[in-house]
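Residue strings, one per chain:
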Amino acid sequence: MSRKKNSILRKRFNHKNNDIFTEINSSIDFDKFMFDEDIEGSIAHAEMLAKQKIIKVSEKNKILKGLKQIRLEISKNKFIFRPELDDIHMNIESRLQEIIGETAGKLHTARSRNDQVVTDLKLWLRKDIDLILSELKDLKKNTIKIAEKNIDVLMPGFTHLQTAQPISTGHYYMSYYEMFSRDTERFIETKKRLNKNPLGSCAMAGTSFQIDRFATSKKLSFDEPTRNSIDSVSDRDFVIDYLYASSVCAMHLSRIAEEIVLWSSDLINFCQIKDDMMSSSSIMPQKKNPDAAELVRAKAALINSDLSSLLNIMKALPLSYSKDLQEDKKLAVNTSKNLHISIKVITEIIKSIKLNKQTLLKAATRSYSNATELADWLVKNLQYSFRKAHETTADIVNFAESVQKKLEDLTLSELKVFDPNITNNIYDHLNIKNAVLSKTSYGGTSPTEVLKMINKAKKREK
Ligand code: ARG
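Residues numbered from 1 in each chain as written. Predicted model: local features only at pLDDT ≥ 70, side-chain atom pairs only at ≥ 80, totals over all residues. Heavy atoms only, no water.

(A) The arrangement of the overall build of the protein in detail. Within the protein, the regular secondary structure consists of 19 helices and six strands. What you see for the protein is a C-alpha radius of gyration of 31 Å, clearly larger than the 23 Å of a compact globule of 462 residues, by over 25%. Evaluated residue by residue, the protein yields a buried proportion of 51% over its 462 residues. Excluding contacts between residues fewer than 6 apart, the proportion of contacts in the protein whose partners are at least 24 apart in sequence is 75%. (Helix = DSSP H or I, 4+ residues; strand = E, 2+ residues; numbered from the N terminus. Rg over C-alpha atoms; globule rule 2.2 N^0.38 Å. Buried < 20%, exposed > 50% of the residue type's maximum accessible area, 1.4 Å probe, protein only. Contact = heavy atoms within 4.5 Å.)

Right, dumping it as structure tokens:
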């Protein structure tokens, strides 16, 4: 049977779709990505309908055969998507009608697009989260690798982007590992929370057909059916969770991207990005630009905006379903694309980044980065209160600055002006390497401590 143009769902109307209406109403351009999930959901639904004797087994078989043919057509790019048929659900249903005739109309028994679309989106996000989790795993493994390789490389730690204290470069990278681990947890939680089956909630009130929502839950690997049909069709918390987890992850990626941009600038020169992840300028032949990292930085903004958009769409929406909800897929799919590429770009960059160890070391020794060591020494050896030690050290730093010397280059007699009890052994403590080695507090920057954390992380990431 061939489709009459615009006939589907328009029996109540005297007019065919206005083109402007079609343009705003159609979501096919941004929901066709869920075709596989739509078919998967429909198969589960049809099987359940047959099992419950709501449709005949022969009808179910016909429906399944048609759906499988459609899946093949779409994956082989042989399917014609029609905007005037609204969305992926109606495009598939309409094609099913062409293939198997009237029986196709039975598939929508005890179902609405309102529960169908949430089911599809949950199924799709579940798969997408699995992909994100495996990409994050790769990122975490490579973060551990670069951390381990550079555990003994000293660099300056910053606060306020001012040199603070020397640290292990391994420790620096492991701080990003912690962020990526929390990202992993957030995605796992998101996936766990969304895994309740909305199918069978129908338009919003449930149905009088004797459906078995536990059967479709099982078939679609949901933990259980959702408990309230009104909430089921209007809930988009799971998309917000996903966008939030993505935003936080993108924010972390953007922070490391920003540091890559800064570090690779000739002003700082802590690292070089491999050529294959850089671009040049159309006018300045000498240029090598960190475009990929910059784009990761920008993509975090786009992802944040997607989260913000959905929160704003939802914030005053009356129960239950409204068409506003259709826009959620555009946001989810854009975020997904931007997040996948961002994770992959950062992984690729840190895999091949070249650290300028000498520059890092030199920077670590600048700007009186060992002043805290001096203060700590006064506390430990001369029983100063920390506040008094802080003041005396500030005086010594002022003096050192005035004679353009580093703290470790001051003579003992110069130091003794500030306290005659200062002894030679202070120099060991002012040594940058010793300063780092001494930070053995749990989670501190001492290489021994960092190595412990690396080993724990390796076990976790096996
Ligand atoms: N394309 C719609 C969406 O994405 C499907 C649900 C349509 N429901 C409706 N009552 N018009 O939200």
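Still to come is the rest of the account.
(B) How the structure looks around the layout of surface pockets. Taken as a whole, the largest pocket encloses approximately 720 Å³ of empty space. M155, F158, Y172, E259 and W263 are, among the 28 residues lining the largest pocket, the residues nearest its centre. Looking at the lining of the largest pocket, the elements that each hand over two or more residues are strand 1 (154-159), strand 2 (162-168), helix 7 (169-194), helix 10 (237-264) and helix 19 (447-461). Its residues assigned to classes, the lining of the largest pocket comprises 17 nonpolar, six polar and five charged. (1 Å grid on protein atoms, 1.4 Å probe; cavity = no way out; pocket = protein on both sides within 12 Å on 5 of 7 lines; lining within 4 Å. Points joined across faces, edges and corners; volume = space filled by probe spheres on them. Nonpolar A, V, L, I, M, F, W, Y, C, P; charged D, E, K, R; others polar.)

(C) Broad picture of the pattern of salt bridges. Using the criterion set out here, one finds 28 salt bridges in the structure. A salt bridge links R186 to D183, with the nearest nitrogen and oxygen atoms 3.3 Å apart. Placement of both R186 and D183 in helix 7 is noted, with a separation of three residues, approximately one turn of the helix. For the pair R186 and D183, a shared accessibility class is recorded, and that class is buried. For the salt bridge of D328 with R236, the shortest nitrogen-to-oxygen distance reads 2.7 Å. Here the residue D328 occupies a position in helix 12 (residues 328-352), and R236 occupies one in the loop between helix 9 (229-234) and helix 10, the gap between them amounting to 92 residues. Exposure remark for D328: the relative accessible area of 0% places this residue in the buried category. A relative accessible area of 1% places R236 in the buried class. Here the residues in one salt-bridge network are E37, E40 and K127, joined through shared partners. (Salt bridge = Lys/Arg side-chain N within 4 Å of Asp/Glu carboxyl O.)

(D) Molecular detail of the site of the ligand. Taken together, S27, D87, H89, R113, N114, V117, Y321, K323, Q326 and K329 are the residues near the ligand. A distance of 2.4 Å separates an oxygen atom of the ligand from a polar atom in the side chain of Y321. With respect to the ligand, the side chain of K329 contributes an N or O atom lying 2.7 Å from an oxygen atom. Taken together, the residues that form the shell around the ligand break down as two nonpolar, four polar and four charged. (Near = heavy atom within 4 Å. Polar contact = N/O pair within 3.5 Å; in protein donor to acceptor, adjacent residues only side chain to side chain.)

(E) Molecular detail of the packing of aromatic side chains. Using the criterion set out here, one finds nine aromatic pairs in the structure. Both rings, one in Y172 and one in Y176, keep their centres 5.7 Å apart while their planes meet at 75°; by these two values the pair is edge-to-face. Taken together, the residues Y172 and Y176, both in helix 7 and four residues apart, mark about one turn of the helix. Y172 sits in the buried class, given a relative accessible area of 10%. Y176 sits in the buried class, given a relative accessible area of 3%. Centroid distance Y172 to W263: 4.7 Å. Interplanar angle 25°. Geometry classified as stacked. Pair noted here: Y172 is in helix 7 and W263 is in helix 10, with a separation of 91 residues, a long-range link. A single burial state applies to Y172 and to W263, both of which are buried. One aromatic cluster is present, built from ring pairs that chain together Y172, Y173, Y176, F180, W263 and F270. Lying across the ring of F222, R126 places its NZ or CZ 5.0 Å from the centre. (Phe/Tyr/Trp six-rings, centres within 6.5 Å; stacked < 30°, edge-to-face > 60°. Lys NZ or Arg CZ within 6 Å of the ring centre and 35° of its normal.)

(F) Seen up close, a nonpolar patch on the surface. Residues M204, I230 and L319 make up a contiguous nonpolar surface patch of about 290 Å² in total accessible area. Residue placement: I230 occurs in helix 9. (Patch = residues over 30% accessible without salt bridge, like charges linked within 9 Å, V, L, I, M, F, W, Y side chains within 5 Å. Areas by Shrake-Rupley, 256 points an atom, 1.4 Å probe, with all protein chains shown as cover.)

(G) Summary view of helix 10. With 28 residues, helix 10 ought to run about 40 Å at 1.5 Å a step, and its terminal C-alpha atoms sit 40 Å apart, in line with that. Counting buried positions along helix 10 gives 20 out of 28 residues, so the element sits mostly inside the fold. (Expected span 1.5 Å × (residues − 1).)

(H) Region of interest: the packing of helix 4 (residues 57-75) against helix 5 (residues 88-100). Contact geometry for helix 4 and helix 5: axes closest at 9 Å, N-to-C directions at 115°. In this structure, the crossing between helix 4 and helix 5 has a hand that is right-handed. Mapping the contact onto sequence places K62, I63, G66, L67, Q69, I70, E73 and I74 in helix 4 and I92, R95, L96, I99 and I100 in helix 5. (Axes fitted to C-alpha atoms, helices over the stretch in contact; angles between N-to-C directions. Left-handed = near helix turned anticlockwise from the far one by under 90°.)

(I) Representation of the pairing of strand 1 within the structure. As paired elements, strand 1 and strand 2 share six bridges and run antiparallel to each other. By the bridge assignment, G157 is partnered in strand 2 with Q165. Here strand 1 folds back onto strand 2, and the loop between the two strands holds two residues, one of which, H160, carries a positive phi near 55°. (Pairing = 2+ DSSP bridges.)

(J) Seen up close, unusual backbone geometry. Put simply, L319 and S320 share a cis peptide bond, and its omega is 0°. At N269, a residue that is not glycine, the phi angle is positive and equals roughly 60°. With respect to the helices, strands and loops of the structure, N269 is situated in the loop between helix 10 and strand 5 (271-272).

(K) Seen up close, the environment of S308. Topologically, S308 is positioned in helix 11 (residues 291-314). Once the C-alpha coordinates of S308 and K127 are considered, the two residues, 181 residues apart in sequence, prove to be 23 Å apart.

(L) Broad picture of a positive patch on the surface. A grouping of K456, K459, R460 and K462 is seen on the molecular surface, where their side chains present a positively charged patch. Along the polypeptide, R460 turns up in helix 19. (Lys, Arg positive; Asp, Glu negative; His and termini not counted. Charge placed at Lys NZ, Arg CZ, Asp CG, Glu CD.)

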